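Here is how the chains run, residue by residue.
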Amino acid sequence: MINEKMEKAFNDQINKELYSEYLYLSMQAYFERLNLKGFVNWMQVQVQEEHAHALGMFDYLNQRGGTVILEAIDKPQSEWESPLAVFEHVLEHEEYVTSRINALMDVAEEVKDRAAMSFLNWYLKEQVEEEDNVGNVLATLKLIGDDKKALLMLDKELATRTFVAPVIG
Ligand code: OFO
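Just so you know, these numbers come straight off a predicted model, no measurement behind them.

It is worth spelling out the overall build of the protein at this point. For the protein, the count of helices and strands is 5 helices and 0 strands. When the helices and strands of the protein are placed in sequence order, the string is α-α-α-α-α. Relative to the globule expectation of 15 Å for 169 residues, the C-alpha radius of gyration of the protein, 17 Å, shows essentially globular dimensions. For the protein, the spread of C-alpha atoms along the three principal axes comes to 55 × 25 × 25 Å. Looking at the 169 residues of the protein, the share that counts as buried comes to 47%. Counting contacts in the protein only where the partners sit at least 6 residues apart, residues at least 24 apart contribute 82% of the total. As displayed, the protein has an accessible area near 9,300 Å², and 53% of this comes from carbon and sulfur atoms.

This is how it looks when you write it as structure tokens:
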């Protein structure tokens, strides 16, 4: 049976992963309005990834005999100044998520839940990848500046991203 504090920490994180999904869906809608279909695709993949992250914890909590409690999901932002502003927001958000996964790991250490620590290692590695991916797009957007042609080239590149269902844990 999972420790109560650990259970609460997992439930909080499930909510944060679902919020991430919601936030990226809102960003997807923003790119739809700009008609940047490659960026739309990139966000679509991100939405699916966040859904998988939430479900990974949902399944794990059930597997450990915990109780999943779903809370309300906060309303995400819906407007940004530019694609660059969106990706600055994504990086900031992913850094926040990394800090939350670290906090979850702290709880696992505190209650000596070694199984949870091993499970959470997957999320820590995933965050390194996420921050790297987002950082790369952000760096390119900074180089692009106001060059519309270069932006369309990046859009083409982002159209090639595909979702691969992660094997979590
Ligand atoms: Fe779930 O990693 Fe992004 O937020």
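For the rest of this paragraph, the subject is the nonpolar core. Judged by nonpolar contacts, the single largest core of 27 residues is most densely connected at Met27, Phe31, Phe39, Met43, Val86 and Phe87. Where this core is concerned, the elements lending two or more residues are helix H1 (4–34), helix H2 (37–63), helix H3 (83–110), helix H4 (114–144) and helix H5 (148–158). Sorting elements by how many residues they give to this core places H1 first, with 6 residues. Those residues in contact with Phe87, other than ones at most four positions away along the chain, are Phe31, Phe39, Trp42, Met43, Val134, Val137, Leu138 and Leu141. Grouped together as the second largest cluster of nonpolar side chains are 22 residues, Ile2, Met6, Ile14 and Trp122 included.

About the cut-offs
- Residues numbered from 1 in each chain as written.
- Predicted model: local features only at pLDDT ≥ 70, side-chain atom pairs only at ≥ 80, totals over all residues.
- Heavy atoms only, no water.
- Helix = DSSP H or I, 4+ residues; strand = E, 2+ residues; numbered from the N terminus.
- Rg over C-alpha atoms; globule rule 2.2 N^0.38 Å.
- Buried < 20%, exposed > 50% of the residue type's maximum accessible area, 1.4 Å probe, protein only.
- Contact = heavy atoms within 4.5 Å.
- Areas by Shrake-Rupley, 256 points an atom, 1.4 Å probe, with all protein chains shown as cover.
- Core = buried A, V, L, I, M, F, W, Y, C linked by side-chain atoms within 4.5 Å.

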